[in-house]
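Below are the chains, spelled out letter by letter.
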Amino acid sequence: MIIDFDEQKFREEVKKIVRPYGITQRQFDKIMKLSLNAIRKASQPVNR
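If you're wondering where the values come from, they're calculated on a predicted model, not measured in any experiment.

Please provide a residue-by-residue account of the packing of aromatic side chains, values included.
The tally for this structure, following the rule as stated, stands at 1 aromatic pair. Look at Phe5 and Phe10: their rings are 5.5 Å apart centre to centre, the planes differ by 50 degrees, and that puts the pair in the tilted class.

Hey, could you go over helix 1 (residues 7–18) for me, with residue numbers and the actual values?
Between its first and last C-alpha, helix 1 extends 16 Å over 12 residues, near the 16 Å set by a 1.5 Å rise per residue. Residue Asp6 occupies the N-cap position of helix 1, its side-chain oxygen lying 3.0 Å from the main-chain nitrogen of Gln8.

A description of the packing of helix 1 against helix 2 (residues 25–42) should follow, citing residues and the corresponding values.
The geometry of helix 1 relative to helix 2 is characterised by a closest axis approach of 11 Å and an angle of 130 degrees between their N-to-C directions. Between helix 1 and helix 2, the angle falls in the class oblique. Once helix 1 is placed against helix 2, the crossing between them reads as right-handed. Counting all contacts with helix 1, which are made through Glu7, Phe10, Arg11, Val14, Lys15 and Val18, the residues of helix 2 involved are Phe28, Ile31, Met32, Ser35, Leu36, Ile39 and Arg40. For the contact of helix 1 with helix 2, the per-class residue count stands at 8 nonpolar, 1 polar and 4 charged.

Describe the layout of surface pockets, and please don't skip the residues or the numbers.
Taken as a whole, the largest pocket encloses approximately 350 Å³ of empty space. Lining the largest pocket are 13 residues, with Ile3, Phe5, Ile39, Ser43 and Gln44 positioned closest to its centre. Among the elements that make up the lining of the largest pocket, the one with the highest residue count is helix 2 (4 residues).

How would you sum up the nonpolar core? Please name residues and give values.
By size, the foremost hydrophobic cluster in this structure holds 5 residues: Val14, Val18, Phe28, Met32 and Leu36. Counting residues per element, the ones that place at least two in this core are helix 1 and helix 2. Top contributing element to this core by residue count: helix 2, with 3 residues.

Quick notes on the rules
- Each chain has its residues counted from 1, following the order in which its sequence is written.
- Side-chain atom pairs in this predicted model are given and counted only at pLDDT of 80 or more, local residue features only at pLDDT of at least 70, and totals for whole chains, interfaces and linings cover all residues.
- Based on all heavy atoms of the structure, the side-chain values leave hydrogens and waters out of the count.
- Ring pairs are drawn from Phe, Tyr and Trp, using the six-membered ring of Trp, whenever the two centres fall within 6.5 Å, and their geometry is named by plane angle: stacked under 30 degrees, edge-to-face over 60, tilted for the rest.
- Where helices and strands are cited, they refer to DSSP runs of H or I of at least four residues and of E of at least two residues respectively, numbered from the N terminus.
- By definition here, a helix of n residues has an expected span of 1.5 Å times n minus one.
- Think of a polar contact as two N or O atoms within 3.5 Å of one another; within protein, one of them needs to be a possible hydrogen donor and the other a possible acceptor, and neighboring residues in sequence only count if both atoms come from side chains.
- Under this scheme, a helix contributes an axis fitted over its contacting stretch, all axes are lines through C-alpha atoms, and angles between N-to-C directions fall in the 0 to 180 degree range.
- Should an angle fall under 35 degrees it is taken as roughly parallel, and over 145 as roughly antiparallel, whereas 65 to 115 is taken as roughly perpendicular and any remaining angle as oblique.
- Take the far helix as the reference: if the near one is turned anticlockwise from it by less than a right angle, the crossing is left-handed, and if turned clockwise, right-handed.
- Only heavy atoms enter the contact rule, under which two residues are in contact if any of them lie within 4.5 Å.
- Lys, Arg, Asp and Glu make up the charged group, whereas Ala, Val, Leu, Ile, Met, Phe, Trp, Tyr, Cys and Pro make up the nonpolar group; the residues left over, Gly among them, are polar.
- A pocket here means an open set of points on a 1 Å grid, computed over the protein atoms alone, that has protein on both sides within 12 Å along at least five of seven lines. A cavity is instead a set of points where a 1.4 Å probe fits but cannot get out; residues with an atom within 4 Å of a point line either one.
- Grid points are joined across faces, edges and corners, and a volume is the space filled by probe spheres set on the points.
- For this analysis, a nonpolar core means a set of buried residues of the types Ala, Val, Leu, Ile, Met, Phe, Trp, Tyr and Cys, connected via side-chain atoms within 4.5 Å.
- Buried, partly exposed and exposed residues are distinguished by accessible area as a fraction of the type maximum, computed with a 1.4 Å probe on protein chains only: under 20%, between the cut-offs, and over 50%, respectively.

This is the structure we're talking about:
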């Protein structure tokens with residue numbers, strides 16, 4: 001399966017999910033860093 005990943009849209013969706021929990025910007029940045037690292041580790045480049 002090939003997924004066209006848009007990092008900006010991903011950030012916006014995560015922000016919508018975590019907003020009700022009242023996290024700080026610093027906590028959000030940490031969540032994004034960990035999430036994006038996990039996505040990169042679980043993915044591989046696709047040559048189109």
